[in-house]
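Okay, here's what each chain looks like letter by letter:
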Amino acid sequence: MRDLAIRLPNRIDALALFGETLGRAGVSVEGGGMFTVDGQRIAHFLVEDGAAARAALEAAGLEIVWDREVLVQRLAQEVPGQLGAITRRMADAGVNIEILYSDHANQLILVVDDIERGRQVSEAWMRERATR
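Residues numbered from 1 in each chain as written. Predicted model: local features only at pLDDT ≥ 70, side-chain atom pairs only at ≥ 80, totals over all residues. Heavy atoms only, no water.

Colleague: How would you sum up the packing of aromatic side chains? Please name residues and give values.
Modeller: Scanning all chains against the criterion turns up 1 aromatic pair. Between the NZ or CZ atom of arginine 68 and the centre of the ring of tryptophan 66, over which it lies, the distance is 4.3 Å. (Phe/Tyr/Trp six-rings, centres within 6.5 Å; stacked < 30°, edge-to-face > 60°. Lys NZ or Arg CZ within 6 Å of the ring centre and 35° of its normal.)

Okay, here's the thing in structure tokens:
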């Protein structure tokens, strides 16, 4: 899975253009969101085929800020403190979480500065969860 960061134009149909473009390219959006800060619209969306999404969006004139691999984590939703526990583990391992959101399957999506170290933390978390 890939996180695409897209700088969207500050116009009323920007999200429609984004969604229609991916739809025509046959790319499904698996999660994400858009945020406007100081007039700048940055969207982060999760896709399986980053190359196809990137090509379609660039052809439509949209600016791709990045296309990065993500960590996908399942939290025990019924257990309070899960977000704090997994993010503390990442921090203690020296992994900086740059983007965090949920996908359509209620999984936690993490974009981190060190994907290899983050993957080690994520995999250890999942192994421990499986043994509980």
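Colleague: Explain the environment of leucine 46 to me, and be specific about the residues and the numbers.
Modeller: With respect to the secondary-structure elements, leucine 46 resides in strand β3 (residues 40–47). Residues in contact with leucine 46, not counting those within four places in the same chain, are Met1, Arg2, Ser28, Val29, Glu30, Gly31, Val70, Tyr101, Asp103 and Ile109. (Helix = DSSP H or I, 4+ residues; strand = E, 2+ residues; numbered from the N terminus. Contact = heavy atoms within 4.5 Å.)

Colleague: Tell me what's going on with helix α2 (residues 50–59), and back it up with residues and numbers.
Modeller: Two residues of an α-helix separated by three or four positions point the same way, owing to the 3.6 residues in each turn. Burial in α2 covers these residues: Gly50, Ala53, Ala56 and Leu57. Looking straight down α2, one finds its buried side chains confined to an arc of 140 degrees; they lie on one side. Counted as exposed and oriented over 90 degrees from the buried face of α2: Ala51 and Ala59. Buried residues along α2 sit against β1 (2–8), α1 (14–24), β3 and β4 (63–69). Looking one or two places after α2, you find glycine 61, whose phi comes out positive at around 85 degrees. (Buried < 20%, exposed > 50% of the residue type's maximum accessible area, 1.4 Å probe, protein only. Arc of directions from axis to C-beta.)

Colleague: Describe the environment of arginine 129, and please don't skip the residues or the numbers.
Modeller: Summarising the element assignment, arginine 129 is placed in helix α4 (residues 115–131). Placed 109 residues apart in sequence, arginine 129 and glutamate 20 show a C-alpha to C-alpha distance of 39 Å. Once residues lying within four places of it in the same chain are set aside, the contact partners of arginine 129 are Arg74, Leu75 and Ala76.

Colleague: Let's hear about the nonpolar core: which residues, and what values?
Modeller: In terms of nonpolar packing, the biggest core is built from 15 residues, with Ile6, Leu8, Phe18, Leu57 and Leu62 touching the most fellow members. The set of elements that each furnish at least two residues to this core consists of β1, α1, β3 and α2. Examining the composition of this core, we find that 4 residues originate from one element, α1, more than from any other. In this structure, Leu71, Leu75, Val95 and Leu108 belong to the second largest nonpolar core, which totals 10 residues. (Core = buried A, V, L, I, M, F, W, Y, C linked by side-chain atoms within 4.5 Å.)

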